[in-house]
Amino acid sequence: MSATLPPIRLEGGTILSDEVHARIGAAILDGSLPAGARLRDVQLAEQLGVSRTPVREALQRLERFGLVEVAVGRYTRVSEPTEQLRADTGEFTAYFMGNALRIALRRASDAELARVVEAADAVVAAVRSGDGLSVFEASTVMFERVTKSTGNVVFISFIREAALAIQRNLRGWRPFMARPVTRAEGYQNLRDRIAARDADEAERLIRRLYGVD
């Protein structure tokens, strides 16, 4: 493990194990901890200024969603996503977000809907710029707001745990990122259907945009 992670300084209301999980996960996402990097709980604990217990808990959580792989007695390391895993993640994300959007458009307050529409506008702008990474990042924000707007604690809790794996598996994956760039009109239609609370059409458009309809 070559990356050096800065020590954690907890703020009010922050849970230590969650912060350790987020810190290691962020280092995996940004490449500070690349695929294949060995993860030693003692070293991570020293860098983060915490005990080994929250580090071990964080690594177990990351392993459950495939970001970390463990061979008992041999190594714990950052995994490398296969093309099949990326494809499965893309399919899962499209279906999950279609369902979340259906619930959100039925339950969201006007203020919550406005925040989702604002995020959808950012996605449309990113699509028109032709920058695949910007599309991915704007879509991530939109999907987070959609999930929160469902008010469904199971949806929200699941995505909170799975978000790192989804972002790692899809970030930079050309089939997922290139698709919306070629479909600006489709994303504009999606934005308009969201604004109109048209759940049926919004769900259909999400699946069509990502090729799972």
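These numbers come from a predicted model, not from an experiment.

Topic: the overall build of the protein chain
Then, number 1: The helix and strand inventory of the protein chain stands at ten helices and two strands.
Then, number 2: For 213 residues, the compact-globule formula gives about 17 Å, and the C-alpha radius of gyration of the protein chain, at 18 Å, lands near that figure.
Then, number 3: Reported as C-alpha extents along the three principal axes, the dimensions of the protein chain are approximately 50 × 35 × 30 Å.
Then, number 4: Looking at the 213 residues of the protein chain, the share that counts as buried comes to 46%.
Then, number 5: Excluding contacts between residues fewer than 6 apart, the proportion of contacts in the protein chain whose partners are at least 24 apart in sequence is 73%.
Then, number 6: Accessible surface, the protein chain as shown: approximately 10800 Å² in total, 49% of it carbon and sulfur.
Then, number 7: A distance of 2 Å separates the average location of the 30 positive side-chain charges in the protein chain from that of its 28 negative side-chain charges.

Looking at the packing of aromatic side chains
Then, number 1: Using the criterion set out here, one finds six aromatic pairs in the structure.
Then, number 2: A ring pair is formed by Y187 and Y210, whose centres lie 6.4 Å apart and whose planes are at 80°; its orientation type is edge-to-face. Of this pair, Y187 sits in helix 9 (residues 184-195) while Y210 is found in the segment after helix 10 (199-209), placing the two residues 23 residues apart along the sequence.
Then, number 3: When its relative accessible area of 1% is taken as the criterion, Y187 is described as buried.

Quick look at the pairing of strand 1 (residues 68-71)
Then, number 1: With four bridges joining them, strand 1 and strand 2 (residues 75-78) adopt antiparallel strand pairing. Its bridge partner lying in strand 2, V70 is registered against T76.
Then, number 2: Adjacent in sequence and paired antiparallel, strand 1 and strand 2 are bridged by three residues, among which G73 carries a positive phi angle near 80°.

What about the environment of D121?
Then, number 1: Tracing the chain through its elements places D121 in helix 5 (residues 110-129).
Then, number 2: In this structure D121 comes out as partly exposed when scored by relative accessible area, which is 36%.
Then, number 3: Taking C-alpha positions, D121 is 34 Å from S79, a pair spaced 42 residues apart along the chain.
Then, number 4: A distance of 2.7 Å separates the side chain of D121 from the side chain of R191, its partner in a polar contact.

Here we look at the confidence of the model for the protein chain
Then, number 1: Model confidence for the protein chain is summarised by a mean pLDDT of 89, while 93% of its residues fall at 70 or above.
Then, number 2: Looking over the protein chain, one finds the lowest element-wise mean pLDDT in helix 8 (residues 174-181), namely 58, and the highest in helix 5, namely 95.

Comments concerning helix 7 (residues 153-170)
Then, number 1: Its 18 residues give helix 7 an end-to-end C-alpha distance of 24 Å, which sits within 8% of 26 Å, the value for a rise of 1.5 Å per residue.
Then, number 2: Remark: the principal bend of helix 7, roughly 50°, maps to A162.
Then, number 3: Considered for burial, the residues of helix 7 that qualify are F155, I159, A162, L164, A165, I166, Q167, R168, N169 and L170.
Then, number 4: Count one or two residues on from helix 7 and you reach G172, which has phi positive near 80°.

Comments concerning the nonpolar core
Then, number 1: Residues L101, L105, M142, V146, Y187, L190 and I194 are the most contacted members of the largest nonpolar core, which totals 39 residues.
Then, number 2: Elements supplying a minimum of two residues to this core: helix 4 (83-107), helix 5, helix 6 (132-150), helix 7, helix 9 and helix 10.
Then, number 3: Beyond its immediate sequence surroundings of up to four residues, L101 is in contact with V146, L190, I194, A202, E203 and I206.
Then, number 4: I8, I24, I28 and A37 belong to the second-largest nonpolar core, a separate cluster that totals 22 residues.

Description of the pattern of salt bridges
Then, number 1: In total, this model carries 16 salt bridges according to the counting rule given.
Then, number 2: Across the salt bridge formed by D198 and R193, the nearest N and O atoms sit 3.3 Å from each other.
Then, number 3: The class for D198 is partly exposed, based on a relative accessible area of 24%.
Then, number 4: The partner of R207 in a salt bridge is E203, with the nearest N and O atoms 2.8 Å apart. You can see R207 and its partner E203 sitting in helix 10, four residues apart, about one turn around the helix. Of the two residues examined, R207 and E203, each falls in the buried class.
Then, number 5: One continuous salt-bridge network, built from bridges that share partners, spans R102, D200, E203 and R207.

About the thresholds
Residues numbered from 1 in each chain as written. Predicted model: local features only at pLDDT ≥ 70, side-chain atom pairs only at ≥ 80, totals over all residues. Heavy atoms only, no water. Helix = DSSP H or I, 4+ residues; strand = E, 2+ residues; numbered from the N terminus. Rg over C-alpha atoms; globule rule 2.2 N^0.38 Å. Buried < 20%, exposed > 50% of the residue type's maximum accessible area, 1.4 Å probe, protein only. Contact = heavy atoms within 4.5 Å. Areas by Shrake-Rupley, 256 points an atom, 1.4 Å probe, with all protein chains shown as cover. Lys, Arg positive; Asp, Glu negative; His and termini not counted. Charge placed at Lys NZ, Arg CZ, Asp CG, Glu CD. Phe/Tyr/Trp six-rings, centres within 6.5 Å; stacked < 30°, edge-to-face > 60°. Pairing = 2+ DSSP bridges. Polar contact = N/O pair within 3.5 Å; in protein donor to acceptor, adjacent residues only side chain to side chain. pLDDT = per-residue confidence, 0-100. Expected span 1.5 Å × (residues − 1). Bend = angle between axes of the 7 residues up to and from the residue. Core = buried A, V, L, I, M, F, W, Y, C linked by side-chain atoms within 4.5 Å. Salt bridge = Lys/Arg side-chain N within 4 Å of Asp/Glu carboxyl O.

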